Amino acid sequence: MDKYANRPAGEYNANYTRNLKIQGALKLVVCIFIAIVCLLPIWLLIVNATKATQDIIGNASNPLARLIPGTNMINNIKTLTSSKNGNPEFLRAFNVFYGFRNSLFISICACALSVFFSGLTAYGLTVYDFKLKNFSTTFILLVMMIPMQVVSTGFLQFMVQIKLYDNYIPLIIPAIAAPQVVFFMLQYMRSVFPLDIVEAARIDGCGEFRTFMQIGLPILKPAFAVQAIFAFVANWNNYYTPSMLLLSGDLKQKTMPMMVAAVLNNDKINDIGAKYMAVAISIIPVVVIYLFLSKYIIGGVTLGSVKG
Amino acid sequence: MKNLKKKLALLAALACAGTMLAGCGGGDDTTGGDTAEGGDNAAVDNGGDSAETTTMNEEEQAAANEAAAVELADDGDKLTILCWTGDDLNGMIDMFCSENPDYAGKVEWVQQGTAGGEAREQYKQYLSGDGDADLLVLEADWILEYLTDEYTVPLSSLGIDKSAYNDAYPYTVAIGTDEQGILRGATWQAAPGGFVYRTDLAEQYLGVKTPEEMQDKIGDWSKFEEAAKTVAEASEGKTAMTATLGGLWQVYQANRTQPWVKDNKLVLDNAEGFIDLAKSYYDNKYVTDGTQWNDGWYALGQDGSALGYFLSTWGVKDTTASVLANVEGCKDNGASWADNHGLYNICIGPQNYFWGGSWLAVSTKCDNKTIATDFVNFFTTNKDTMQKYAETSGDFVNNKAAMDAIVAAGTNSNSLLGGQDQFAVLAEAANGINMDGLITKYDSAVKSSFNTAVTDYATGVTASKDDALNAFQDDIASKYPELNWD
Amino acid sequence: MQSLKPQGRKSISYAKYGYFFILPFFIVYVFFMIYPLINTFRLSLYGNGGSADTMVGFQNFKWILFGGSRPAKAIHEEFIRSLGNTVILWVGNFVPQIILSLLLAVWFTDSKVKIKGTGAFKVIMYMPNIITATSVCGLFLILFGNTKYGAVNAMLLDMGTITEPVRFVDNVTSSRIIVMFIQTWMWFGNTMILLMSGIMGIDLSLFEAASIDGASSGQVFFKITLPLLKPIFLYVLITSMIGGLQMYDVPYLFHEGAGQDAIRKQLETVAVFVYKHFHLTSPNYGYSAAASVILFFITGILGLLVYRFNTSSDDRAAAKSNRKKSKNSKLLGGF
């Protein structure tokens, strides 16, 4: 495109516009392709959820038949949920209502705490000067790298010691200390946060915490939006910690991923169509919620460009 | 082990101090002696606090059991059973409570995980908290881990001793016995295995019409291979004799004559033979490329890729959820079936073996002695109730007299097997299983690690037999550095 | 990092707020993380399996890092192999992921070339990330099953491309490529959104100015977008590296058959190594803990290196004068 720079204005504009259109079309094709790759596995999941076991694993006469929904959807749903026709193994391992309620509760609480306190911490580390500031920043950077697998066992032993197992507290409260989120906020504040504004607020006699709430938070909004989705999704999908901490095995207490894993790993459940239905039930509402909120999320991200 | 030894040594020392008996130096031998270092072997008999004896006769054994008994509380609220198989337990508890109306509503189960492997980990976490647990359901592969003072008390604490299990299949008692020879676990079910095969394919390729004829064709390993060759040739490689290498290994390893770990060393025994067998079976298509418990496992029988499966009692139960039911294509939870329904028969196969099964052990937390005692007796020692349970649930109960009575009555008929009585075949197999001195706490890891190494060699992931053996030994070495590797 | 106030002007009186603001983080962190971490360091000095109560000093580290007798050699080889796997799998998913994400992020934020339905694309591309790894893995296992029952094998057999099923899950190369693909598939949308939020944080007037000056999109990308994207890029790099070194669920779950031994050797990452030895029948806490400590130091060093490398020029220059720094922040803040 460099070459257009020296041409007469009219030709430049016409060529330039055409060129942009071609570019746009090419990019659109690439994006459509990537979008199909993104959706295909999810589509297959939904397709499998509507089929009977035999149709999923049997030999298909036509390979494309694997991409077309089957007719067993109602049966699969019944197997999972109906107290009459249901498979008792499924009913014992899977309950949509409890799963969603518990997972939503944990995810929303943890997500809110994680984003708010990380913002607070990052704000504290950016706006103020204090002795331990550099130490704290380096510390957060370092601890971000601790492999969860090992810490979690020490964590579990400790939770059992202080009798916090079978309880949502150890699933929610630790979200306050999320080094990766803090690190993101720090990086974000470094690039967009106008420190002058804090000074200005002080001159206006605004308290420090109020400054954070009324000036810091709105500016951090885009970062909040991004990290909020990540935190929510991470907590929603977290299987490892809840399965370690919720020891009682009470279905009423289990989270959605625990139920999905229980269904997928269960040797005695051989109805593959129903297994897929379980997975589908667990993700479709999330996808729907995500689709609704995505407007705000993308809006939030765009907000950053306007404000920043 | 160290921990256990320390505790034993402490016990021995306490016994010394308390009774001022001479000859208690033996207690030190337990902790320091070379034999004790190899004490992971079930054959080493260190009976409780009478540590100075190296071998014990049955009387002494009984005495040791008696001595190890622990006083249990009896003021608990409900009998709580820790398990990962709520389905089985539901049926058991229903029957127990209907026979003992006093206990109705006083027995419950708590599920930990959904597979045995998961339960193994989660029990420990559950038990370290203050959740209630009176009985534990344990799996053969890792039962030894829980048969220690830390988790369980000897069955003699319920007043049940070894003599109550004279009618049980001996291998089940061997597995329920801890490293000191104390009985801590008993099972309600025996899990002898057989070979289930598609009768139409067997007739087509082997010309057999009855299970007896089939047994004649595959009665030992060389016959089995011969038959496999016939099937592979007649079907032009479309049908393999058996489904998976894993299943084959489950059977083949039962002809071991030595424990996997002896004198703290890994013993290969017949393992090398299996590597050759597996490779030639795989290359010649005597076995399919499928994997157990995988989605394709059931399909192998449905489309005729495999003529038969090695399955044990729980796999051929006449329900809509058993392995065989899935192989035969049970649809919509039993509402409809594929054409293969009832198309299978069972015979013993080349080798007696067992596969799986669950044991009951008494938790150290048990505070319902009376109900616990009744429950354990109901399902593991009482012939009448056990027979009734077998008849209603289709489970193969761990009582020779009960099983013989059912077989003799000839009333059992399995619709999955076209009406054949699997108990008649499997009871014979169960009598032929001998696990004496063959059980070690390493078995679960060793068996599955070896299976992986062999499968990798057969399917071409590892290049040579030596590589396979090395990969296997390295794996065990990294899992158990405490073994002797000189 | 940045201090607005010139030194000596009231800065001390506000210092305490800094502590107040970061206090909740540290209280919770010490309570829920530091204690378990200390426990890990302690465990790394103890024995394995049956001798878990015995203090063995640095033996675990010696064995894992240098080998020796058969068990030592076995664990050494296993660890080195898992380290190699980790690097291979991480590079193999990070490189395509960052290229794809950066490309898409630039495309979607380009004010000149508008792509139709950008909003929908963003939403779709992030979607794989919201599905649990367990489900994703189960799905890909069905698609790429070893036998003729796997969907891809079935299709290839139907079309006559192959006569024998390909053992996609067992085969070293194909299984690694699939895992890399899953990781990329799951995470590129995430990275894309991060990069987009970074790009959108860049002052629009800079782009406008560049546009008026007649800069090409390539020039804009390399001269404006990329340099100003550095902090977010750094974040993506570091978190991805950490994520890569802790890569666990997909490599752990991607195998056929049940149990620990079914885990494919070519996919055993360091995190899988740690988890595996922690959950063995006779747990090898010592190995697990020692490997975690090693992993901790490796990540620490890598993180610091990347951090230094990326910030050195800017920060050193910035550190020289506070005035310059505040100017800098003004520029970044777009005021």
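Here the structure is a predicted model, which means the values were calculated and not measured. (Residues numbered from 1 in each chain as written. Chains lettered and ligands numbered in written order. Predicted model: local features only at pLDDT ≥ 70, side-chain atom pairs only at ≥ 80, totals over all residues.)

A. Molecular detail of the overall build of chain B. Secondary structure summary: chain B contains 21 helices and 15 strands in total. The long-range share in chain B, meaning contacts at least 24 apart out of those at least 6 apart in sequence, stands at 72%. (Helix = DSSP H or I, 4+ residues; strand = E, 2+ residues; numbered from the N terminus. Contact = placed C-beta atoms within 7 Å.)

B. Looking closely at helix H11 (residues 270-278) of chain C. For H11 of chain C, the tally of buried residues reaches nine of nine residues, placing the bulk of the element in the interior. Among all positions of H11 of chain C, only Val270, Ala271, Val272, Phe273, Val274, Tyr275, Lys276, His277 and Phe278 of chain C are buried. (Buried ≥ 20, exposed ≤ 12 C-beta atoms within 10 Å, placed from the backbone.)

C. View of the interface of chain A and chain C. Facing the 92 residues of chain A at the interface are 89 residues of chain C. Of the residues contributing to the side of chain A that touches chain C, the split by class is 64 nonpolar, 19 polar and nine charged. (Nonpolar A, V, L, I, M, F, W, Y, C, P; charged D, E, K, R; others polar.)

D. Helix H16 (residues 369-380) of chain B, seen in detail. The end-to-end C-alpha distance of H16 of chain B is 16 Å, a good match for the 16 Å that 12 residues give at a rise of 1.5 Å each. In terms of burial, H16 of chain B is largely enclosed, as nine of its 12 residues are buried. (Expected span 1.5 Å × (residues − 1).)

E. Focus on the confidence of the model for chain B. All names here are of chain B. Looking at chain B as a whole, its pLDDT mean stands at 84, while 85% of the residues score no less than 70. Confidence drops under pLDDT 50 across residues 1-55; counting only partners more than four residues distant or on other chains, this segment forms 80 contacts. Interface confidence for the predicted complex, expressed as ipTM, amounts to 0.81; the pTM equals 0.82. (pLDDT = per-residue confidence, 0-100.)

F. Quick peek at the pairing of strand S1 (residues 79-83) of chain B. Residues and elements named next belong to chain B. Summarising burial for S1: five of the five residues are buried, a large majority. A two-sided burial pattern is seen for S1, the buried positions comprising Leu79, Ile81 and Cys83 on one face and Thr80 and Leu82 on the other. Of the pairings in the sheet, the one linking S1 to strand S2 (residues 107-111) comprises five bridges and is parallel in character. Each bridged residue has a counterpart across the sheet, and for Leu79 the counterpart in S2 is Val107. In the classification by handedness, the crossover that spans S1, the intervening helix H5 (residues 86-99) and the parallel S2 is right-handed. In this sheet, strand S3 (residues 135-139) lies alongside S1 in parallel orientation, the contact comprising two bridges. Across the sheet, Ile81 pairs through a bridge with Leu135, a residue of S3. (Pairing = 2+ DSSP bridges. Right-handed = clockwise from strand over helix to strand, strands pointing away.)

G. Focus on the domain arrangement of chain A. Residues and elements named next belong to chain A. By domain assignment, chain A separates into domain 1 (2-72) and domain 2 (88-307). Taken together, the contacts link 10 residues of domain 1 with seven residues of domain 2. At the level of secondary structure, the elements contributing two or more residues to the side of domain 1 that touches domain 2 comprise helix H1 (9-49) and helix H2 (53-57). It is H1 that contributes the most residues to the side of domain 1 that touches domain 2, four residues altogether. (Domains from an automatic or database assignment.)

H. Focus on the domain arrangement of chain B. All names here are of chain B. Taken domain by domain, chain B comprises domain 1 (2-57), domain 2 (79-189 + 357-406) and domain 3 (193-353 + 435-479). Taken over C-alpha atoms, the centre of domain 2 sits 29 Å from the centre of domain 3. Contact with domain 2, which involves 10 residues of that partner, is made by 10 residues of domain 3. Mapped onto the side of domain 2 that touches domain 3, the elements with two or more residues apiece are helix H7 (143-146) and helix H8 (170-175). Of the residues belonging to the side of domain 2 that touches domain 3, the class tally is six nonpolar, two polar and two charged.

I. Expanded view of the nonpolar core. Of all hydrophobic cores here, the largest spans 321 residues; its most connected members are Met185 of chain A, Ala278, Phe375 and Val454 of chain B together with Leu195 of chain C. In terms of residue count, the dominant contributor to this core is helix H7 (residues 172-201) of chain C (15 residues). Beyond its immediate chain neighbours, meaning those up to four positions away, Met185 of chain A contacts Ser118, Gly119, Ala122, Leu220 and Ala223 of chain A. (Core = buried A, V, L, I, M, F, W, Y, C linked by C-beta atoms within 7 Å.)

J. Here's a closer look at the sheet that holds strand S14 (residues 344-347) of chain B. All names here are of chain B. Reading across the sheet, the five strands line up as S10-S7-S11-S6-S14 and stay open at both edges, with mixed pairing between neighbours. Two strands close off the open sheet at either side, each with one partner strand: strand S10 (287-290) and S14. On average, each strand axis in the sheet is tilted by 35 degrees relative to the strand beside it, whichever way the strands run. Pairing between strand S7 (residues 240-244) and S10: two bridges, direction parallel. Of the residues in S10, the one forming a bridge with Thr242 is Val287. The strands that helix H12 (residues 245-252) touches are strand S6 (193-198), S7, S10 and strand S11 (306-312); relative to S7, the one it contacts most, it runs at about 90 degrees. Relative to the sheet, helix H19 (residues 422-431) contacts S6 and S14, its axis offset from that of S6 by approximately 140 degrees. (Axes fitted to C-alpha atoms, helices over the stretch in contact; angles between N-to-C directions.)

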